Every structure is written in structure tokens, then in C-alpha cells.
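# Summary of structural features
Residues per chain are reported as follows:
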Amino acid sequence: MGFAFSTVFPGKKDNMNDQVLIFDTTLRDGEQCPGASMNTREKLEVARQLARLKVDIIEAGFPIASDGDFEAVRAIASEIQGPRIAGLARCVDKDIDRAAEAVKPASDRARIHVFLATSAIHRQYKLKMAQDEILKRAVEGTKRALSYVKDVEFSPEDASRTEPEFLAAVTEAVIAAGATTVNIPDTVGYAVPHQYGALIKYLFDHVKNIRQAVISVHCHNDLGLAVANSLAAVQNGARQVECTLNGIGERAGNASLEEIVMALKTRHDAFAGFQTGIDTRQLYPASRLVSHMTGMVVQRNKAVVGDNAFAHEAGIHQHGMLANRETYEIMRAEDVGRSSELTWGKHMGHHAVGKKLEEMGYKLSDDEIRRVTEAIKALADKKKSVYDEDVRAIVEGQFTEVPQVWKLDYLSVMTGTIPTATVRLIRADKNEPISDAGTGDGPIDAMLKTIDRITGIKGALNDYSVGSVSRGKDAIGEVSVRVQFEGRMVTGKAVSTDIIEASALAYLNALNRCLDEQRRRAEAEKPTL
Ligand code: KIV
Ligand code: ZN
């Protein structure tokens, strides 16, 4: 098969049909998952890491959705070099115009991604449109996007539940209108691999101009089949996979980027030599960064990036591994960026720290490097060994620039028959400490109730988890919380060698995030003169 890569990626040859393009939608579909929202600075940091990963396309957001989304897409399009930058738009003029404005700074790397549902159920109940109207709108939307950029992707939403004949007609029409990529989404995660693969093959057999565009797939994980479905599509001709780091996304999430990439790399034999351009050593740092920024904890047994993914507990496995790693290991931890060296110490100067951070893929300002160096020294005073993971936790902490309206100043918690907490907080605008003490069902409950009393904002803790960043009894504890404040679900995360302190900091991080969101919403609603 020969795909028209030269139209989409000028400079690439037509015979590159073993290349699978990685379209990352962590910042758009991933961020749509409740409680995972990120501010512009956090999105930019994730986008920088996506560039280090060498993804081909970053879907940076849905510019019409809010001013915050628009601002983030524009900032990413202005700063990030390397990947193409896409903005999502419905097949509606004002959406397309706004997306075009947001991606403009990326100039010839700008992509507009337009979508319109095609399945019978969406046509009847959501859009109330007949097939011919959908076809007409899809073509008009594609053409309008093409009036702004050369690179236009069209997605027939709910494609996997669309009548194949109609899906083929829409695909053919948008390609004829100039779409450079046509994406076939399994929007509700309904597909199963053999049928989804067959659907892609059907399109290749029935759409006469299909080789003029890249065929893409976008799978949701409602049945746990998103990765399997994406790979089945690749085997049948798809050459772009849309996915997210850690598989985050609406409901059960999207296909996980790290799983797709490592499946294609590790089972090169089974996938006829398909390859991606991903630097796999950046996968683990990317996974950690996204988990930190969104507060979405990665499950321990998650393939590729979970804590247990490379841990061998059973004696028989350990014995085999010592004799030959390949007895039980199909991928090497180092290949996904999981090496852990003991080379961080309190005597390192900020130049040495900066150099090592750069090797780990972080680009920090001088001031940030100094802050990280101080934090490493403080940690080295508290614990015997400082690992790469500890340093990553510290660095990622520096990036969470949520304005600290409420700051922890002092904390003392006692457990026992009547758990008691004494808390002192500082409110940024007043700059004077406020203290209170109280009891609760346990030490954490006592502490959080006391915080609520001081701030006057009651939070409902929906989820609380604690994990260790590295190893040993003195390891850094990492606490993640999901809290509902005044009807809004937010996440918070913090690290400390003291998990009670980490819990207070994570809770305050969630509260500050909620207040920051409220402030930004209020600003956006201010009437303009
Ligand atoms: O799941 C979906 O259909 C989408 C489209 C906008 C591509 O996210
Ligand atoms: Zn989706």
C-alpha cells in the first residue's frame, strides 16, 4: 500500500507505510476525564514532555470549549517545536474559526481536527439530521478548515456504530474535499478487535480515494479493548493511532500510548515491522508527569508504567532472571526510562543537578534548578538514598504552579483514642497565620476537618491514596486526593517523607486548584465594555 504521507508530512517519502504516527490526545480527550483538568502552565509542561517523547501530533485542546482551552492551545502552538499541533472543532463555523486562531502560531505544523457524528443513533437523537445533511456538513467543515490550514483531520464520531456504506461515503467525500487524515473513532468503546479490523479493511476496499489520506484510529476503553482494537486497525491499514498517556480519558479512558508503542516495538515480528518515532526512554517520565499533573494515579499493575510492571517477586522468577533476564522479561525497564540510580547526594551543586536533570529530559530555569537542588539536599538529610524517582517527584512538584491561596504553616497530629489535629494555615492575601485544633474519626479526618474550619470551605473527600515514590522505609510518600468543593470535583497531589504532611499538602493543593478555577471562571464571565 502506498499512503500519501507526502501531502501530510512534507519531506517524508510515500514508501514510509510501515511508520505508525502517534497522535497524542492526553491534553484534549485525556483532560476531559472528570477531575483531570490542568492549567495552561501544566499543559505546556506536558506538551514539552510530549515533544521529548517525539509524538507526531499533539492534540492540544478544544479551543471553543473555554478561554482557558483556547489560551493553552495557543501557548502550545507558539512554543512547542517538532510535533504538529492540532485543535479540535465541531463542524461549526465558529468552532473552526476559533481552532484556526489557536493553532495559527504553529504555522505549517498546524492541524484542525473537525468532527461530526455519523451513526444512526447520533443522527436521530443528538443531531436530528439525515445522512445527506451530515455528508454536506462534513464536506463544508473540512473545506472551511482547509481555508485556514493545509492539514485537516476529519472524524466521523461514533464511526464504529455507523453503517459501513455510509461511513465509506463520508470518508470518500471528506478526502475528496481535501482532508489529509480521516479518523475512525470507536467513541463509546463498543468495538471488538476482529470486527474493528474488518471495518478498516472494508474502508480500504470500498473508498476509492482512501490512499490520498492517512487513516487514523481513536479507541475508547469501555470494554478494556482500546489497545487491542487500535492494533487490529493498524494491521488492516491504519497508520495513525490516537491515544493518551496512562490511557486517561473519558469514562474508562482512551487507548494507552505507552502500551501501543511498546506492543509495536516489542512484537515487531508480529506487526510486520511497523514502527513509531517515539523515544521510548521518555515513556516513564511522561507517565509520571501526567499522573502528577492530573492527580490520576497509575494503577500498580498497569502495563509498561505501573510500579509492578518490572517487579519480580516469585523466587523462581528471580532465579531465572539472574541466569538470563529474558526468561521472564520481555522488555527492559531502561528502555521505557525506568532506571534508578543512586547518584543524587547532598553535596551536588546546582550545575551538576542541572546537567543530570537535562539528561532526564527536564528543561528548567536556573531558579527552578536551584529550588530543586535545595529540595534534594533537604531530602538527603532525611533519607539515606535519593533515587531518580525521588528527584522526579520533586521536579514535578515545582511545575504545579497553582497559586497558593492557602498555605500550610504548621501541623501537629496525634492519633489514639481521640485523634486530634492542630493546624496553622496562612492565607496569601492576609499573610497572617490562622490556627485551629479539632478531633475526628482518625488522624487524617481530624486534620481535614480542622483545615475546613479554618478555610470556611467544606470539602468532601471522594478518594484518597498513598504510595511510595521510591523504595525503603524512609521513601518519599506520595498522596493523591479527589475532593468535591462546592460541587466541583478537583484532584490534588503532594509528596513528603511524612505522609500526614503529604495528605494535608495534597488536600490544600486540591483546594487551591479549585479556588484558581473559580477565579479564572469569574474573570471569564466579567462583562467587557
Ligand atoms: O471519541 C471520539 O469520538 C472523539 C472524537 C472527537 C474524535 O474524541
Ligand atoms: Zn474520544
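Residues numbered from 1 in each chain as written. Chains lettered and ligands numbered in written order. Predicted model: local features only at pLDDT ≥ 70, side-chain atom pairs only at ≥ 80, totals over all residues. Heavy atoms only, no water.

Glancing now at the coordination of the zinc ion (ligand 2). Around the zinc ion (ligand 2), the protein supplies Asp29 (OD), His218 (NE2) and His220 (NE2) as donor atoms, at distances of 2.0 to 2.1 Å. Each donor residue of the zinc ion (ligand 2) lies on the same chain, and together they follow the pattern D-x188-H-x1-H. Assigned by exposure class, His218 and His220 land together as buried. (Donors = N, O, S within 2.8 Å, 3.2 Å for Na, K, Ca; no water. Buried < 20%, exposed > 50% of the residue type's maximum accessible area, 1.4 Å probe, protein only.)

Below, the discussion takes up the site of ligand 1. The full set of residues close to ligand 1 is Arg28, Asp29, His113, Phe115, Ser155, Glu157, Asn183, Pro185, Thr187, His218 and His220. Note that an oxygen atom of ligand 1 is positioned 2.9 Å from one of the side-chain N or O atoms of Arg28. Across the complex, the protein chains shield 95% of the 260 Å² of accessible surface that ligand 1 would expose by itself. At the level of elements, α2 (26–30), β4 (110–117), β5 (151–157) and β6 (181–186) are the ones that each hand at least two residues to the shell around ligand 1. Looking at the shell around ligand 1 residue by residue, the class counts come to two nonpolar, six polar and three charged. (Near = heavy atom within 4 Å. Polar contact = N/O pair within 3.5 Å; in protein donor to acceptor, adjacent residues only side chain to side chain. Areas by Shrake-Rupley, 256 points an atom, 1.4 Å probe, with all protein chains shown as cover. Helix = DSSP H or I, 4+ residues; strand = E, 2+ residues; numbered from the N terminus. Nonpolar A, V, L, I, M, F, W, Y, C, P; charged D, E, K, R; others polar.)

The next point concerns the confidence of the model for the protein chain. With 91% of its residues at a pLDDT of at least 70, the protein chain reaches an overall mean of 89. The model gives residues 1–16 a pLDDT under 50, and that stretch makes 43 contacts with residues more than four places away or in other chains. (pLDDT = per-residue confidence, 0-100. Contact = heavy atoms within 4.5 Å.)

For the rest of this paragraph, the subject is the packing of aromatic side chains. Taken as a whole and judged by the stated rule, the model has two aromatic pairs. Between the aromatic rings of Phe62 and Phe115, the centroid separation amounts to 6.2 Å while the plane-to-plane angle is 65 degrees, which identifies the pairing as edge-to-face. Placement of the pair is Phe62 in the loop between β2 (57–61) and α4 (67–79) and Phe115 in strand β4, with a sequence separation of 53 residues. Summarising the burial analysis for this pair, Phe62 and Phe115 share the class buried. Lying across the ring of Phe70, Arg98 places its NZ or CZ 3.7 Å from the centre. One residue, Arg338, lies across the ring of Tyr284, its end atom 4.4 Å from the ring centre. (Phe/Tyr/Trp six-rings, centres within 6.5 Å; stacked < 30°, edge-to-face > 60°. Lys NZ or Arg CZ within 6 Å of the ring centre and 35° of its normal.)

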